[in-house]
Amino acid sequence: MHEMSYAEAILENLLNLAEKNNAREIKKAHLVIGELLLINPEQLEFCFRAISRETIAENCTLEIEFVKPEIRCVKCGKEFDAPAGVCECGGFVSVNGGKEMILKSVIMEVD
Amino acid sequence: MHKIEIDAEIDLLSENRRLAAENRKFLREQGIVAVNIMGAIGSGKTLFIEKTVEALRDIRIGVILGDVICRADYERVAAHDVVAEPVNTGKECHLDAHLIHHRIRKFEDVDLLLIENVGNLICPVDFDLGEDFRVVMVSVTEGDDVVEKHPEIFRLADVIIINKVALAEFVEADVDKMEKDARNLNPEARIIRMDLKKDIGFEEWIEFLRGVLNVSGNSG
Ligand SMILES: Nc1nc2c(ncn2[C@@H]2O[C@H](COP(=O)(O)OP(=O)(O)OP(=O)(O)O)[C@@H](O)[C@H]2O)c(=O)[nH]1
Ligand SMILES: [Zn+2]
Ligand SMILES: [Zn+2]
Ligand SMILES: [Zn+2]
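The residue count restarts for each chain, going from 1 along the sequence in the order it is written. Starting at A for chains and at 1 for ligands, labels are handed out in the order in which the entities are written. Totals for whole chains, interfaces and linings use all residues, but because this is a predicted model, local features are given only for residues with pLDDT of at least 70 and pairs of side-chain atoms are given and counted only at 80 or more. The side-chain figures draw on all heavy atoms in the structure; neither hydrogens nor water molecules are used.

> Tell me about the UniProt feature "domain: CobW/HypB/UreG nucleotide-binding" (unreviewed entry) in chain B, and please be specific about residues and values.
Here the UniProt-annotated "domain: CobW/HypB/UreG nucleotide-binding" (unreviewed entry) positions come out as residues 35–192 of chain B. Each helix is a run of DSSP H or I of at least 4 residues and each strand a run of E of at least 2, with the numbering of both proceeding from the N terminus. Spanning residues 35–192 of chain B, this segment combines 30% helix with 24% strand, and its end C-alpha atoms are found 16 Å apart. UniProt positions are given in the numbering used here, feature names are shortened, and annotations may be inferred rather than shown by experiment.

Below, the structure written as structure tokens:
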């Protein structure tokens, strides 16, 4: 359950941004998350709800966009869904990306 | 009141990376080689650390022991007369660079810092601590499909240890399969078949460690 760590990072960054912009309320956060981080969105949401209570982010919607890693055989170029095993051609399967966690944009209520 | 939309573009993982880089810098400056030992619950990490400490009596060793709540592992290791420090993660199931950052100064006089991560094959994967080497320890009693079920941690390891191999026949685990799965995911890793109770493979680990300690000693 590493979702709590990520929920904390999201909340901290949201509150910082809100302070910089003199916001009263944080409405929506758009997140881009790499699939290989193995984040369970329900758990992330649950953790975020728990720690954002009584902050200006307590009603903030998390909008999560998952991005796929690029997993392909370095020899024949065949693509895979998961980083498992070698390719049937014997080539090594390389993995690129899929581990990002970006806070893309935030909608806030300001005076 | 009105709504505004802000283009944030904030990398939420950068804080851990920044702290890991600071840890790494400190370790380099002090000439300390740090090893992050990850693996499932009960795979043998603490026993492995205890034996490593005993086998390398000629060098100064520090140990950080991550546990969700108790101090049992810390007490086991501290009894071996090394600089040791428990880290309770509380709700977390992994160590992160921040937790290490707070404790690292205690180890400035050691040559080797062993860090036992929380027993878990998933969560520690994405948290760089600033270590030089990542060791993943699994045991045959976890089932011979444990490697293929957790590709990420094996893909990113420097050393993969398959422990308790002397028990393989009793639990009907296919060690060749485990090794092959590990090799497929990570052609570069050093893979060691081990049994800590029967003293299989342990010497190979100590040789590996002596090798990396010398290298880091020479290059400062
Ligand atoms: N038969 C056998 N038992 C082993 C071996 N290595 C460790 N054990 C036993 O496995 C149990 C768990 O070992 P630990 O060293 O506590 O495992 P750990 O990975 O530190 O466990 P956690 O800290 O709880 O995640 C202990 O009873 C060890 O004595 C081995 O090679 N063979
Ligand atoms: Zn976890
Ligand atoms: Zn191929
Ligand atoms: Zn342990």
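> Got a sec to walk through empty space enclosed by the protein? Specific residues and values, please.
With a 1 Å grid spanning the protein atoms alone, the term cavity applies to any set of points in which a 1.4 Å probe fits but cannot get out, the term pocket to an open set with protein on both sides within 12 Å along at least five of seven lines, and the term lining residue to any residue with an atom within 4 Å of a point. Grid points are joined across faces, edges and corners, and a volume is the space filled by probe spheres set on the points. Throughout the structure, instances matching the rule amount to two cavities of 30 Å³ or more. Empty space within the second largest cavity amounts to approximately 30 Å³. Taken together, His 2, Leu 36, Leu 37, Leu 38 and Lys 99 of chain A together with Ile 122, Val 125, Asp 126 and Glu 152 of chain B make up the full set of residues lining the second largest cavity. Side-chain classes follow a simple rule in which Ala, Val, Leu, Ile, Met, Phe, Trp, Tyr, Cys and Pro form the nonpolar group, Asp, Glu, Lys and Arg form the charged group, and the remainder, Gly included, forms the polar group. Of the residues contributing to the lining of the second largest cavity, the split by class is five nonpolar, one polar and three charged.

> Can you break down the environment of His 2 of chain B residue by residue, with the values?
Topologically, His 2 of chain B is positioned in strand 1 (residues 2–11). Relative accessibility thresholds used throughout: buried, under 20% of the residue-type maximum; exposed, over 50%; partly exposed, between the two (1.4 Å probe, protein chains only). Residue classification places His 2 of chain B among the partly exposed residues on the basis of a relative accessible area of 41%. Between the alpha carbons of His 2 of chain B and Val 125 of chain B there is a distance of 41 Å; along the sequence they are 123 residues apart. Aside from chain neighbours lying at most four places away, what touches His 2 of chain B is Met 108, Glu 109, Val 110 and Asp 111 of chain A. Here, two residues are considered to be in contact whenever any of their heavy atoms come within 4.5 Å of each other.

> Now, about the side chain of His 150 of chain B: what can you tell me, with residues and values included?
All names here are of chain B. Position of His 150 relative to the elements: it lies in the loop between helix 5 (146–149) and helix 6 (151–155). Judged by relative accessible area, which is 19%, His 150 ranks as buried. Any pair of nitrogen or oxygen atoms within 3.5 Å is treated as a polar contact; in protein, a donor-acceptor pairing is required on top of that, and neighbouring residues in sequence qualify only through side-chain atoms on both sides. Side-chain polar atoms of His 150 contact the backbone oxygen of Val 146, separated by 3.1 Å. Apart from residues lying up to four places away in sequence, His 150 is in contact with Leu 121 and Ile 122.

> I'd like to hear about the state of the cysteines, residue by residue, with values.
Residue and element names in this part refer to chain A. Cysteine sulfur atoms that pair up within 2.5 Å are treated as a disulfide. Within this structure, the stated rule accounts for zero disulfides over all chains. Here Cys 60 stays unpaired: no disulfide links it, and the sulfur of Cys 47, its closest cysteine neighbor, is 15 Å away. Assessed through its relative accessible area of 1%, Cys 60 is described here as buried.

> Outline the sheet that holds strand 5 (residues 101–110) of chain A, supporting the account with residue identities and numerical values.
Think of it this way: DSSP has to see at least two bridges between two strands before they count as a pair. Read from one edge to the other, the open sheet built from four strands follows the order 2(A)-1(A)-5(A)-1(B), with strand pairing classed as mixed. Each edge of the sheet is formed by a strand with only one pairing partner; in this case those strands are strand 2 (61–67) of chain A together with strand 1 of chain B. Sheet twist, expressed as the average angle between the axes of neighbouring strands with direction ignored, equals 20°. Sheet topology note: the strand 1 (residues 23–34) of chain A/strand 2 of chain A ladder contains seven bridges and is parallel. For Ile 33 of chain A, the partnering residue across the bridge sits in strand 2 of chain A and is Phe 66 of chain A. The sheet strands contacting helix 1 (residues 3–20) of chain A are strand 1, strand 2 and strand 5 of chain A together with strand 1 of chain B, and the helix crosses strand 5 of chain A at an angle near 45°. Axis definition: a line fit to C-alpha positions, over the contact stretch in the case of helices; interaxial angles, taken between N-to-C directions, run 0 to 180 degrees. The sheet contacts of helix 2 (residues 41–52) of chain A involve strand 1 and strand 2 of chain A, and relative to strand 2 of chain A the element is tilted by about 150°.

> Tell me about the interface of chain A and chain B, and please be specific about residues and values.
Counting from both sides, the interface comprises 36 residues of chain A and, opposite them, 29 residues of chain B. Counting the surface lost from both chain A and chain B, the interface buries some 3,100 Å², and carbon and sulfur atoms represent 62% of this. Salt bridges are defined as contacts in which a side-chain nitrogen from Lys or Arg sits within 4 Å of a carboxyl oxygen from Asp or Glu. Viewed at the interface, chain B and chain A are joined by three salt bridges. At the boundary of chain A with chain B, the tally comes to 13 residue pairs in polar contact (both at pLDDT 80 or more). For the side of chain A that touches chain B, the secondary-structure elements that each account for two or more residues are helix 1, strand 1 and strand 5 of chain A. Broken down by element, the side of chain A that touches chain B gets its largest block of residues, 10 residues, from strand 5 of chain A. Class assignment for the residues of the side of chain A that touches chain B results in 22 nonpolar, six polar and eight charged. When strand 5 of chain A meets strand 1 of chain B, the two strands line up antiparallel, connected through eight bridges. By the bridge assignment for strand 1 of chain B, Ser 105 of chain A is matched with Asp 7 of chain B. Summed over both partners, buried area is the accessible surface (1.4 Å probe) that two parts give up on being assembled.

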